[in-house]
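Spelled out, the chains give:
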Amino acid sequence: MSTKSDNELLMELVKDQKAAARNSRVIMICLVILTAVITVALLITVPKIVNTIKSVDATINEVNDTIDMAEKSIEDIDKMVQNVDDLVVTNTESVNKSISYIENIDFDSLNQSIQDFSDVIQPLADFVNKFK
């Protein structure tokens, strides 16, 4: 059996500690580089993200304004349709009333009155024609 001397063990321990320290330095350098890369990436992308969010917010506000205008237009159209409907109802009533008046006209009496008027005016027309 070979036993290592204390000196050899200490040398091996120092060698292992140096390797561990080197590994720790490499890991630390990698972490610093990774942190720097992430920081640079964030510095580049965060302003773009903020601008995109502002743009989306402005677009949403415009869409909301457009929706409000569309709702007002629909309300105005509803009012206009109601006014047209009221006009149609009023005109229908007037037309029906006029038709009932026309239906009540006694055309025979009207024709007779026109004939009587013509009979009365004819002698006057003949008299006036004599002076032409």
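Residues numbered from 1 in each chain as written. Predicted model: local features only at pLDDT ≥ 70, side-chain atom pairs only at ≥ 80, totals over all residues. Heavy atoms only, no water.

### Observations concerning the overall build of the chain
Consideration 1: Summing up its helical and strand segments, the chain has two helices and zero strands in all.
Consideration 2: Its C-alpha radius of gyration of 53 Å places the chain more than 25% over the 14 Å reference for a compact globule of 132 residues.
Consideration 3: By its C-alpha atoms, the chain is 165 × 40 × 20 Å across when sized along the principal axes.
Consideration 4: Of the roughly 12100 Å² of accessible surface on the chain, 65% is carried by carbon and sulfur atoms.
Consideration 5: Mean positive and mean negative side-chain charge positions of the chain (12 and 21 charges, respectively) differ by 26 Å. (Helix = DSSP H or I, 4+ residues; strand = E, 2+ residues; numbered from the N terminus. Rg over C-alpha atoms; globule rule 2.2 N^0.38 Å. Areas by Shrake-Rupley, 256 points an atom, 1.4 Å probe, with all protein chains shown as cover. Lys, Arg positive; Asp, Glu negative; His and termini not counted. Charge placed at Lys NZ, Arg CZ, Asp CG, Glu CD.)

### Digging into the packing of aromatic side chains
Consideration 1: Scanning the model with the defined rule gives one aromatic pair in all.
Consideration 2: Considering the side-chain rings of F127 and F131, the 5.0 Å spacing of their centres and the 85 degrees angle between planes classify their relative orientation as edge-to-face.
Consideration 3: Under the relative-accessibility criterion, F127 is labelled partly exposed at 47%.
Consideration 4: By relative accessible area, F131 is classed as exposed at 62%. (Phe/Tyr/Trp six-rings, centres within 6.5 Å; stacked < 30°, edge-to-face > 60°. Buried < 20%, exposed > 50% of the residue type's maximum accessible area, 1.4 Å probe, protein only.)

### Some points on helix 1 (residues 6-103)
Consideration 1: Its 98 residues place the ends of helix 1 136 Å apart at the C-alpha level, agreeing with the 146 Å of an ideal helix rising 1.5 Å per residue.
Consideration 2: T45 marks the point of greatest bend in helix 1, at about 25 degrees, and the proline P47 comes within the next four residues. (Expected span 1.5 Å × (residues − 1). Bend = angle between axes of the 7 residues up to and from the residue.)

### Concerning the pattern of salt bridges
Consideration 1: Considering all chains together, one arrives at one salt bridge under this definition.
Consideration 2: Salt-bridge contacts for K72 lead to D76; the nearest nitrogen and oxygen are separated by 3.4 Å. One end of the pair is K72 and the other is D76, both in helix 1 and four residues apart, which spans about a single turn. (Salt bridge = Lys/Arg side-chain N within 4 Å of Asp/Glu carboxyl O.)

### Brief notes about the environment of P47
Consideration 1: As for its position among the elements, P47 is in helix 1.
Consideration 2: With 20 residues separating them along the chain, P47 and I67 place their C-alpha atoms 30 Å apart.

### A look at a negative patch on the surface
Consideration 1: Together, E62, D65, D68, E71, E75 and D78 give the surface a local cluster of negative charge.
Consideration 2: Looking at the element boundaries, E62 is found in helix 1.
Consideration 3: E62 sits in the exposed class, given a relative accessible area of 53%. (Patch = residues over 30% accessible without salt bridge, like charges linked within 9 Å, V, L, I, M, F, W, Y side chains within 5 Å.)

### Notes on a nonpolar patch on the surface
Consideration 1: Together, I27, L31, L34, I38, L42, V46 and V50 line one region of the surface with nonpolar side chains, adding up to about 610 Å² of accessible area.
Consideration 2: Relative to the assigned elements, L34 resides in helix 1.

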